[in-house]
Amino acid sequence: MHHMERRTLVTMTAIVRNQWYVAAYGREVSRELFSRTICGEPILFWRTEGGEVTAMSDRCVHRRFPLSQSPSRLVDDTVVCGYHGFTYGADGVCVAVPGQKRVPRTARLTSYSVVEQDSFVWVWIADPERPGTADPSTIPRARWLDSPDWDAVSGVEHIDCNYGLLVDNLLDLSHETYLHGGYIGTPEVAETPITTEVDDDAGIVYVSRHMDDAQCPPFYSKSTGVQGRITRWQDIEYTPPCLYLLHSRIAPVGAALPADDGTDTEAFHTEIVYAITPETEHSTHDFWCVARDFARGDDEVSTFLAENNRTVVMQDVVALDVLQKALDAEKAGYQELSINIDAGGLAARRILAAMAAPAPVPVS
Ligand code: FES
Ligand SMILES: [Fe+2]
């Protein structure tokens, strides 16, 4: 086997623009004004009376008062600023100001393209430096989250770290053995080598780890009822910057492999989805979801998986909060050492750096 050892300077992962990001779950956006900062931009979300999600800057053009802040309020399909009453339509255009009939032509909030899909609210974060098209057909899918054939649980946590640290974390699951022992980690995860593939055209990183004979960690034994040793497959599919899928297959050792047509009746499938959304360069929204095709409709299993996965996510949150503080305290020019397990993370960083690179200057 080829062994990699590489020393590299540690740098912060830059935010990539002209991209779709998960901003919220659909259930978080209602007729209440809801604010979340995405890629450094404070964004106001609300639903029109027709049920459409709409997104605009959360700063009034008049004196920058946050429109999410009481006593700002929704009146029908307009937002009334709680400071002096500037009033905006669902497209962000100001329709009324106090004390005069004429509304200044420039009185409009930046408005954002939004798409509600697979239980998420996706928002397009444009690049003011270069043109881009908010094409909804380019949004990567996570159909299990909103499918009648799957049961899903989900949540969102906040991390005080650059989003690159979460990308690194999710692309190298060998950390499950150490950071998540007793939950999802067993010795075999760290012991089993990975294969990494990069589809440069599609911009997708694949990392696979197939364990033939492994302990069944509590996350799976309690949810599936499988008690003995298992085959455990972890197939990661990361579409930078935002969407991370972990296709997880577990089956008792000796169970049949998937058939050629993909049917796989002797195994338990879990689709673990993360959306990795920069809040700022220094903080991250960590959306996590667990969808399963077994124990359908079993509320106890849903509650167990939600609580167990949230515990696991919080182990990562605590670790990454600490790691970012440690990195911030380093002297300039410090290096890190990468080995085989880091191949996926390094590939992801390379793609993210290329996506964030400044546009080439046209030669005339
Ligand atoms: S700050 Fe909004 S109306 Fe004055
Ligand atoms: Fe983790």
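Predicted model, so just to flag it, every value in this text is computed and none were measured.

Examining the overall build of the protein chain
Right, so step 1: Helices and strands together make up the secondary structure of the protein chain, namely six helices and 20 strands.
Right, so step 2: The C-alpha radius of gyration of the protein chain comes to 23 Å, within 12% of the 21 Å expected for a compact globule of 364 residues.
Right, so step 3: For the protein chain, the spread of C-alpha atoms along the three principal axes comes to 75 × 55 × 40 Å.
Right, so step 4: The buried share among the 364 residues of the protein chain stands at 38%.
Right, so step 5: Contacts in the protein chain between residues far apart in sequence, at least 24 positions, make up 61% of those at least 6 positions apart.

Some words on the sheet that holds strand 13 (residues 151–159)
Right, so step 1: Judged by pairing direction, the sheet is antiparallel, and its seven strands sit side by side in the order 13-19-18-17-16-15-14 without closing on themselves. Each edge of the open sheet is held by one strand with a lone partner, namely strand 13 and strand 14 (195–199). Within this sheet the neighbouring strands show an average axis-to-axis angle of 15°, counted without direction.
Right, so step 2: The sheet contacts of helix 5 (residues 299–328) involve strand 13 and strand 19 (283–292), and relative to strand 13 the element is tilted by about 20°.
Right, so step 3: Most of the contacts of helix 6 (residues 343–356) go to strand 15 (residues 204–214), to which it runs at about 170°, and overall it touches strand 14, strand 15 and strand 16 (230–239).

What about the domain arrangement of the protein chain?
Right, so step 1: Taken as a whole, the protein chain is organised into domain 1 (26–116) and domain 2 (143–356).
Right, so step 2: Look at where the C-alpha atoms of domain 1 and domain 2 centre, and you get two points 36 Å apart.
Right, so step 3: In this assembly, four residues from domain 1 lie in contact with four residues from domain 2.

Comments concerning the UniProt feature "domain: Rieske" (unreviewed entry) in the protein chain
Right, so step 1: According to UniProt, the feature "domain: Rieske" (unreviewed entry) maps to residues 20–123 in the numbering used here.
Right, so step 2: Measuring from the first to the last C-alpha atom of residues 20–123 gives 5 Å, for a span that is 0% helix and 43% strand.

A closer look at helix 1 (residues 163–171)
Right, so step 1: Taken across its nine residues, helix 1 has nine buried, putting it largely inside the fold.
Right, so step 2: Looking at helix 1, one finds that the buried residues are Tyr-163, Gly-164, Leu-165, Leu-166, Val-167, Asp-168, Asn-169, Leu-170 and Leu-171.

Things to note about the packing of helix 1 against helix 6
Geometrically, a packed helix pair is captured by the angle between its two axes and the distance between the axes.
Right, so step 1: Across the interface, helix 1 lies against helix 6 with an axial gap of 8 Å and an inter-helix angle of 145°. Seen along the crossing, helix 1 lies across helix 6 with a hand that is right-handed. Of helix 6, the residues touching helix 1 (which contributes Gly-164, Val-167, Asp-168 and Leu-171) are Gly-344, Gly-345, Ala-348 and Arg-349.
Right, so step 2: Looking at side-chain class alone, the contact of helix 1 with helix 6 contains three nonpolar, three polar and two charged residues.

Quick notes on the sheet that holds strand 12 (residues 120–125)
Each strand in a sheet pairs with its neighbour through backbone hydrogen bonds, running either in the same direction (parallel) or in the opposite one (antiparallel).
Right, so step 1: Spatially, the three strands line up as an open sheet ordered 2-12-11, and their pairing is antiparallel. Sheet topology places strand 2 (19–25) and strand 11 (114–117) at the edges, where each strand pairs with a single neighbour. The sheet shows a mean angle of 30° between the axes of neighbouring strands, taken without regard to direction.

Observations regarding helix 5
Three or four residues apart is the spacing at which side chains of an α-helix point the same way, because the helix has 3.6 residues per turn.
Right, so step 1: Taking 1.5 Å per residue as the helical rise, helix 5 with its 30 residues ought to reach 44 Å, and the 43 Å between its terminal C-alpha atoms agrees with that figure.
Right, so step 2: Those residues of helix 5 lying buried are Leu-305, Asn-308, Asn-309, Val-312, Asp-316, Val-317 and Leu-320.
Right, so step 3: Tucked inside the fold, the buried residues of helix 5 contact strand 13, helix 1, helix 2 (175–179), helix 4 (218–224) and strand 19.

Structural notes on unusual backbone geometry
Right, so step 1: In this structure, Pro-71 follows Ser-70 across a cis peptide bond, with omega equal to 10°.
Right, so step 2: Positionally, Pro-71 belongs in the loop between strand 5 (53–57) and strand 6 (73–75).
Right, so step 3: The omega torsion across Pro-240 and Pro-241 is 0°, close enough to zero to call that bond cis.
Right, so step 4: With respect to the helices, strands and loops of the structure, Pro-241 is situated in the loop between strand 16 and strand 17 (243–252).

Overview of the pairing of strand 4 (residues 41–47)
Both faces of the sheet carry side chains from a regular strand, because those side chains alternate between them.
Right, so step 1: Of the pairings in the sheet, the one linking strand 3 (residues 34–38) to strand 4 comprises five bridges and is antiparallel in character. The partner of Phe-34 across the bridge, within strand 4, is Phe-45.
Right, so step 2: Between strand 3 and strand 4, which pair antiparallel one after the other, the connecting turn spans two residues, and Cys-39 there sits at a positive phi close to 50°.
Right, so step 3: Relative to strand 5, strand 4 is paired through five bridges, and the arrangement is antiparallel. Bridge assignment links Leu-44 to a residue of strand 5, and that residue is Met-56.
Right, so step 4: Linking two consecutive strands that pair antiparallel, namely strand 4 and strand 5, is a turn of five residues; a positive phi of about 95° is found at Gly-51 within it.

Structural notes on the nonpolar core
Right, so step 1: By size, the foremost hydrophobic cluster in this structure holds 77 residues, and its most contacted members are Tyr-21, Ala-23, Phe-45, Val-121, Trp-122 and Val-123.
Right, so step 2: Counting only domains with at least three residues in this core, you end up with domain 1 (26–116) and domain 2 (143–356).
Right, so step 3: With sequence-adjacent residues up to four places away left out, Ala-23 is seen in contact with Arg-36, Ile-38, Ile-43, Phe-45, Val-121, Trp-122, Val-123 and Thr-277.
Right, so step 4: Grouped together as the second largest cluster of nonpolar side chains are ten residues, Ile-184, Phe-219, Ala-251 and Val-312 included.

Some words on the pairing of strand 15
Right, so step 1: Where strand 14 meets strand 15, five bridges bridge the pair, whose relative direction is antiparallel. By the bridge assignment for strand 15, Asp-199 is matched with Ile-204.
Right, so step 2: Counted between consecutive antiparallel strands, the loop separating strand 14 from strand 15 contains four residues, among which Gly-203 sits at a positive phi close to 65°.
Right, so step 3: For strand 15 and strand 16, the ladder comprises eight bridges, and the chain directions are antiparallel. If you follow Ala-214 over to strand 16, its bridge partner there is Ile-230.

Parameters and conventions
Note on numbering: residues in each chain are counted from 1, in written sequence order. Each chain takes a letter, starting from A, and each ligand takes a number, starting from 1, following the order in which they are written. The predicted origin of the model limits local features to residues at a pLDDT of at least 70 and limits the giving and counting of side-chain atom pairs to 80 or more, whereas totals for whole chains, interfaces and linings rest on all residues. Only DSSP runs of H or I reaching four residues or more are called helices, and only runs of E reaching two or more are called strands; each is numbered from the N terminus. Computation of the radius of gyration draws on C-alpha atoms, with the globule rule given as 2.2 Å multiplied by the number of residues to the power 0.38. Exposure in this text rests on C-beta crowding, where 20 or more other C-beta atoms within 10 Å of a residue's own make it buried, 12 or fewer make it exposed, and counts in between make it partly exposed. The C-beta atoms are placed from the backbone. In this description, any two residues whose backbone-derived C-beta atoms lie within 7 Å of each other are considered to be in contact. Pairing between two strands requires that DSSP report at least two bridges joining them. Angles shown run from 0 to 180 degrees and are taken between the N-to-C directions of axes, each axis being a line fitted to C-alpha atoms and, for helices, limited to the stretch in contact. The domain boundaries here were taken from an automatic or database domain assignment. UniProt positions are given in the numbering used here, feature names are shortened, and annotations may be inferred rather than shown by experiment. Two helices cross in a left-handed way if the nearer one is turned anticlockwise from the farther one by less than a right angle. They cross in a right-handed way if the turn is clockwise. Side-chain classes are defined by residue name, with Ala, Val, Leu, Ile, Met, Phe, Trp, Tyr, Cys and Pro counting as nonpolar, Asp, Glu, Lys and Arg as charged, and the others, Gly among them, as polar. How far a helix is expected to stretch is found by multiplying one less than its residue total by 1.5 Å. As used here, a nonpolar core is made of buried Ala, Val, Leu, Ile, Met, Phe, Trp, Tyr and Cys residues. They are joined through C-beta atoms within 7 Å.

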